[in-house]
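Given next are the chains, with one letter for each unit.
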Amino acid sequence: MADEPNTPSTDAAPATKKAGKESVFHRLYVGTGAFDIVGKRKRWYLFFAVLMLVCIASIGIKGFNLGIEFEGGTQIQMPARGANGPITADAAKQAFADALGEQADSAQTVGVGDAATVELRSDTLDADQVAKVKQTLFDQLKPIGSNGQPSVQAISDSAVSASWGQEISQQALIALAVFMVLVTVFLAVYFERWMAVTALIALVHDILVTAGIYSLVGFEVTPATVIGLLTILGFSLYDTVVVFDKVKENTRGILGLTRRTYAETANLALNQTLMRSINTSVIALLPVLGLLVVGYVLLGSGTLQDLALVQLSGMLAGVLSSLFLATPLLVDFKMRDPKYKQQADRVRARRANQARKAAERDEDFDASDDEALGAELRKEKAYAAAASVPARTPKAQPRRGRPSGKRKR
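Residues numbered from 1 in each chain as written. Predicted model: local features only at pLDDT ≥ 70, side-chain atom pairs only at ≥ 80, totals over all residues. Heavy atoms only, no water.

Student: Sorry, what's going on with the overall build of the protein chain here?
Tutor: For the protein chain, the count of helices and strands is 13 helices and eight strands. A sequence separation of at least 24 residues applies to 75% of the contacts in the protein chain between residues at least 6 apart. As presented, the protein chain carries roughly 22,800 Å² of accessible surface, and 59% of it is formed by carbon and sulfur atoms. (Helix = DSSP H or I, 4+ residues; strand = E, 2+ residues; numbered from the N terminus. Contact = heavy atoms within 4.5 Å. Areas by Shrake-Rupley, 256 points an atom, 1.4 Å probe, with all protein chains shown as cover.)

Here it is, written out as structure tokens:
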């Protein structure tokens, strides 16, 4: 898929002339097509291809850091306050290693203040191993129970089965498949076939990138991560539908017009919705960032952090794909149709004719300038209207009948 040869894909010329006079924010606000997104789609394709290759390679080579809910194991929990002072995750992890001679899979502090707890997660332990770990934790750290005194009973344990996480994953995959089918049907009916295809490609991109980020940075995958992944699909689809709705509105009846090509009209629609997409994304990301701060800084690692991380990465990927991937792909798919190619040829021929006439009159005429195009179209309509309207003063009609022979004095 390539850009249209020798054809400006947007109103780039007037944007270039006005770039020195208008700020970026003004051009974002007015949305007159100053940003040539569709015309530079090869660059975006290269960017997204590299991004997806990195994510797929990480998933295939590095894999995921699956939580205890997916792999199964034993979780040991105790208060973060001890008789000798605060209990850190590193101190608890060291006590675990002293008890069994091997490291725990993870150790983290959850919560703040008096409600803070330390959680240790490891492979499945038998009853003797659990008792040995508990005793070592008590001997070294002396966690304080609810009665205000150090107690072994303040240390709790639980066994987690991997079947629970597998069941959640299975249900999530079923939900994802149903969602994809319903989205395809809706877009194909409300819009058209190629819009449905490109929207699905954007959704697949969002899922792969979000999963790849988790694999790259080693975030722990929990049931909250899976739930968060499903929630971002709706956000990504919403942004794509907003852009496609504007594209559909702008391109209605375009095959009978010669003002802009399909690529230029789609790019104009992108510019007209660009500021809206940015505002929506910023407003949506602010509470997610707040959730991340609260979940990580104030409450420690936990469910809030997992939800915030997947939503943050998924929303960013969704915004990028809806603006810089879905519409450019739609343009390439549509331009395979001979009807749209012929319409683009008529646009180029009309502009060449206008440029030739302007050169003959020794005038500067920009074929992509909206004002010039509007003036030219109004002039053509005025000529057509004048040719079809009869003269206001009709010519004198000769008298009929016999002459009287009298002369006026």
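Student: Got a minute to help me understand the environment of Pro143 in this structure?
Tutor: Locating Pro143 in the fold gives a position in the loop between α6 (127-141) and β7 (156-160). Residue class for Pro143 comes out buried when judged on its relative accessible area of 0%. Along the sequence, Pro143 and Ile87 sit 56 residues apart, while their C-alpha atoms lie 7.7 Å from each other. Look past the residues within four positions of Pro143 in its chain and what remains in contact with it is Met78, Pro79, Arg81, Gly82, Ile87, Leu137, Phe138, Gln149, Pro150, Ser151, Ala154 and Ile155. (Buried < 20%, exposed > 50% of the residue type's maximum accessible area, 1.4 Å probe, protein only.)

Student: Sorry if this is basic, but what is going on with the pattern of salt bridges here?
Tutor: Pairs can form between side chains of opposite charge whenever their charged atoms are close. Summed over the entire model, instances satisfying the criterion amount to eight salt bridges. The salt bridge involving Lys40 is made with Asp36; its shortest N-O contact spans 3.9 Å. When the shortest N-O distance is used, the salt bridge between Asp157 and Lys134 registers 2.6 Å. With Asp157 in strand β7 and Lys134 in helix α6, the pair connects residues that are 23 residues apart, well separated along the chain. (Salt bridge = Lys/Arg side-chain N within 4 Å of Asp/Glu carboxyl O.)

Student: Just to check I follow, could you spell out the packing of helix α7 (residues 162-190) against helix α8 (residues 193-217) for this structure?
Tutor: Two packed helices can be described by the angle between their axes and the distance between those axes. Contact pair α7 / α8: the axes reach a minimum separation of 8 Å and the direction vectors enclose 150 degrees. By the angle between their axes, α7 is roughly antiparallel relative to α8. In this structure, α7 meets α8 at a crossing whose hand is right-handed. Packed against α7, whose contacting residues are Leu176, Phe179, Met180, Val183, Thr184, Leu187 and Ala188, the element α8 presents Met195, Ala196, Ala199, Leu200, Leu203, Val204 and Ile207 at the interface. When the residues that make up the contact of α7 with α8 are grouped by side-chain class, the tally is 13 nonpolar, one polar and no charged. (Axes fitted to C-alpha atoms, helices over the stretch in contact; angles between N-to-C directions. Parallel < 35°, antiparallel > 145°, perpendicular 65-115°, else oblique. Left-handed = near helix turned anticlockwise from the far one by under 90°. Nonpolar A, V, L, I, M, F, W, Y, C, P; charged D, E, K, R; others polar.)

Student: Which parts of the structure should I look at to understand the packing of helix α5 (residues 89-100) against α6?
Tutor: The interhelical angle for the contact between α5 and α6, taken along N-to-C directions, is 130 degrees, at an axis separation of 9 Å. In terms of orientation, α5 lies oblique with respect to α6. The handedness of the crossing between α5 and α6 is right-handed. Residues Ala91, Ala92, Ala95, Phe96, Asp98, Ala99 and Leu100 of α5 form the contact with α6, whose own contacting residues are Gln129, Lys132, Val133, Thr136, Leu137, Gln140 and Leu141. Residues of the contact of α5 with α6, tallied by class, amount to nine nonpolar, three polar and two charged.

Student: What's the story with a nonpolar patch on the surface in this structure? I'm lost.
Tutor: A surface patch of nonpolar side chains, about 430 Å² in accessible area, is lined by Leu46, Val50, Val54, Leu216 and Val217. At the level of elements, α3 (41-61) and α8 are the ones that each hand at least two residues to the nonpolar patch. At three residues, the largest contribution of residues to the nonpolar patch is made by α3. Checked against the element boundaries, Val217 lands in helix α8. Taking the relative accessible area as the measure of exposure, Val217 reaches 48% and is therefore partly exposed. (Patch = residues over 30% accessible without salt bridge, like charges linked within 9 Å, V, L, I, M, F, W, Y side chains within 5 Å.)

Student: Sorry, what's going on with the UniProt feature "transmembrane region" (unreviewed entry) in the protein chain here?
Tutor: When the UniProt feature table is mapped to this numbering, "transmembrane region" (unreviewed entry) covers residues 44-61, 172-191, 198-217, 223-244, 282-302 and 308-331. With 100% helix and 0% strand, residues 198-217 has its two end C-alpha atoms placed 29 Å apart. (UniProt positions renumbered as here; feature names shortened; annotations may be inferred.)

Student: Which parts of the structure should I look at to understand the pairing of strand β2 (residues 73-79)?
Tutor: For a regular strand, side chains alternate in direction, first toward one face of the sheet and then toward the other. The buried fraction of β2 amounts to six of the seven residues, a majority that puts the element mostly inside the structure. Here β2 runs beside β7; their pairing, made up of five bridges, is antiparallel. Pairing of Thr74 across the sheet is with Ala159, part of β7. Strand direction decides the pairing type here: β2 and strand β6 (residues 117-122), joined by six bridges, are antiparallel. (Pairing = 2+ DSSP bridges.)

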